[in-house]
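Descriptive structure summary
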Amino acid sequence: MKRQYLVAGNWKMNGSLEANRTLVAGIAAGLEACAQVEVLVCPAAVHIGQVRELIGSTRIRLGGQNLADQEKAGAFTGETHGAMLKELGCSYVLVGHSERRALYGETDAIVAAKFKVAQALGLVPVLCLGETLEERDGNRTEAVLGRQLGAVIDAAGVAAFGAKAVIAYEPVWAIGTGRTATAAQAQAAHAFLRGQLANRDATITGSTRILYGGSVKPDNALELFAGADVDGGLIGGASLKSSDFLAICAGAQAQQA
Ligand SMILES: O=C[C@H](O)COP(=O)(O)O
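Residues numbered from 1 in each chain as written. Predicted model: local features only at pLDDT ≥ 70, side-chain atom pairs only at ≥ 80, totals over all residues.

**Remarks on the UniProt feature "binding site: substrate" (unreviewed entry) in the protein chain**
This is how it is decided: UniProt positions are given in the numbering used here, feature names are shortened, and annotations may be inferred rather than shown by experiment. The way it works is that DSSP assigns letters per residue, a run of H or I at least four long becomes a helix, a run of E at least two long becomes a strand, and they are numbered from the N terminus. Distance between backbone-placed C-beta atoms decides contact: two residues are in contact if it is within 7 Å.
UniProt's feature table lists "binding site: substrate" (unreviewed entry) at Asn10, Trp11, Lys12, Gly176, Ser215, Gly236 and Gly237, given in the numbering used throughout. On the basis of their most widely separated C-alpha atoms, the annotated residues across 228 residues gather in one place, lying no more than 14.0 Å apart. Tracing the chain through its elements places tryptophan 11 in the loop between strand E1 (6-10) and helix H1 (17-29). If sequence neighbours within four positions are ignored, tryptophan 11 has contacts with Val41, Cys42, Pro43, Ala44, Ser239 and Leu240.

Structure below.
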């Protein structure tokens, strides 16, 4: 059976009270065209409460972009506890986005800790991983993906995957650059990641969703989502315009049907 496609909008450090109103209203108005696709938005932390109200009773799911690596609340200035996200209606949280890894020093160990805390607090982690251009050119893509995924499997156990977690493959060289992986490159990386899970536990691999992220746009979504191991997308820039985001969701719907 086909896994349910998931299209997630990572709004990154964008948005305003006004812009969020327009964006959510636009997405909500077009959900019928992607009826079988799970649709998720991940606003900036300070906007999550507002976006929860805007989402109301629609089926748009809510997620955080980051969480603290601490299971208990306390003296961690500037951090967001996973339970706070959960209380505000989040069901998902991104962990290990390449911008967190590259700009904020998140190591494989920190990402693994965040993954575990997210699950312990009842959130579904979306584990982001991917290689840089230098790593791809040096034929190290599989080694990097294997290391990044392996760090989380070692810390959390392979049973932490399946329906309880999502993986997002995002080649760093394709993020915000307009240069996307080819459908074949995406499928190959996804198949490799699924194989890594299968090597450890064949029973969970079929239920783990693996998203592609990196310059997904309305005109390439359908093709990118065609891969047998591609279960949707993690969308940055194009998730900020409802018509583009919905067109991407429609691409997922076409592959789902
Ligand atoms: O989280 C989303 C990714 O970083 C992709 O961003 P992008 O669609 O702007 O390339």
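**Here we look at the UniProt feature "active site" (unreviewed entry) in the protein chain**
Defined as follows: Working definition of burial: number of other C-beta atoms within 10 Å of the residue's own, with buried at 20 or more, exposed at 12 or fewer, and partly exposed in between, all C-beta atoms being placed from the backbone.
Those residues carrying the UniProt feature "active site" (unreviewed entry) are His97 and Glu170 in this numbering. Look at the named residues: they lie 74 residues apart in sequence, but the longest C-alpha span between them is just 8.4 Å, so in the fold they bunch up. If you trace the backbone, histidine 97 turns up in the loop between strand E4 (92-95) and helix H4 (98-103). Assignment of secondary structure puts glutamate 170 in the loop between strand E6 (166-169) and helix H8 (183-200). C-beta crowding within 10 Å serves as the criterion here: with 27 such atoms nearby, glutamate 170 is assigned to the buried category. Setting aside residues no more than four positions away along its own chain, glutamate 170 makes contact with Ser98, Cys128, Gly130, Ile175, Gly213, Gly214 and Leu234.

**Digging into the packing of helix H5 (residues 108-120) against helix H7 (residues 141-156)**
What counts, and what does not: To get an axis, fit a line to the C-alpha atoms, keeping to the stretch in contact for a helix; angles then go from 0 to 180 degrees between the N-to-C directions. Should an angle fall under 35 degrees it is called roughly parallel, over 145 degrees roughly antiparallel, and 65 to 115 degrees roughly perpendicular, with every other angle called oblique. In this scheme the crossing of two helices becomes right-handed for a clockwise turn of the near helix relative to the far one and left-handed for an anticlockwise turn of less than a right angle.
One way to put it is that H5 packs onto H7 with a least axis distance of 9 Å and a crossing angle of 50 degrees. With respect to H7, the axis of H5 lies oblique. Crossing of H5 against H7: the hand is right-handed. Seen from H5, the contacting residues are Asp108, Ala109, Val111, Ala112, Phe115, Lys116 and Gln119; seen from H7, they are Arg147, Gln148, Ala151, Val152, Ala155 and Ala156.

**Things to note about unusual backbone geometry**
A positive phi angle is found at lysine 12, which is not glycine, with a value near 50 degrees. Within the secondary structure layout, lysine 12 lies in the loop between E1 and H1. Positive phi outside glycine occurs at asparagine 139, with the angle close to 55 degrees. In this structure, asparagine 139 sits in the loop between helix H6 (133-137) and H7.

**A word on the pairing of strand E2 (residues 38-42)**
This is how it is decided: For two strands to be treated as a pair, DSSP must find at least two bridges joining them. A clockwise course of the path from the first strand over the helix to the second, judged with the strands pointing away from the viewer, identifies a crossover as right-handed.
For E2, the tally of buried residues reaches five of five residues, placing the bulk of the element in the interior. The side-chain alternation of E2 yields two buried faces, one formed by Glu38, Leu40 and Cys42 and the other by Val39 and Val41. Bridge analysis of E1 against E2 gives five bridges, and the strand direction is parallel. Residue pairing for E2: alanine 8 is matched across the bridge by leucine 40. Since E2 and strand E3 (residues 61-64) lie parallel, the crossover through helix H2 (residues 48-55) that links them has a hand, and here it is right-handed.

**Comments concerning the confidence of the model for the protein chain**
Filter applied, for reference: Across the chain, each position has a pLDDT score giving the predictor's confidence in that residue, from 0 to 100.
Here the protein chain averages 97 in pLDDT, while 100% of its residues score no lower than 70. Quick note on the complex model: pTM equals 0.97, ipTM equals 0.99.

**Looking at the nonpolar core**
Basically, it comes down to this: To define a nonpolar core, we join buried Ala, Val, Leu, Ile, Met, Phe, Trp, Tyr and Cys residues through C-beta atoms within 7 Å and take the resulting set.
Judged by nonpolar contacts, the single largest core of 74 residues is most densely connected at Val7, Val93, Val126 and Leu127. Residues within four places of valine 126 in sequence aside, it is in contact with Ala8, Tyr92, Val93, Leu94, Val95, Val166, Ala168 and Leu234.

**Remarks on the sheet that holds strand E5 (residues 124-129)**
Around the barrel, which closes on itself, the eight strands sit in the order E1-E2-E3-E4-E5-E6-E7-E8 with parallel pairing between neighbours. Pairs of neighbouring strands in the sheet enclose a mean axial angle of 25 degrees, with direction left out of account. When E4 meets E5, the two strands line up parallel, connected through four bridges. Its bridge partner lying in E5, tyrosine 92 is registered against valine 124. With respect to the sheet, H5 is in contact with E4 and E5, its orientation differing from that of E4 by roughly 170 degrees. Running over the sheet, H8 touches E6 and strand E7 (209-213) and is turned about 145 degrees from E6.

**Points about the environment of leucine 17**
With respect to the secondary-structure elements, leucine 17 resides in helix H1. Classification of leucine 17 as exposed rests on a count of 10 C-beta atoms within 10 Å. C-alpha separation for the pair leucine 17 and valine 51, spaced 34 residues apart in sequence, amounts to 8.7 Å.

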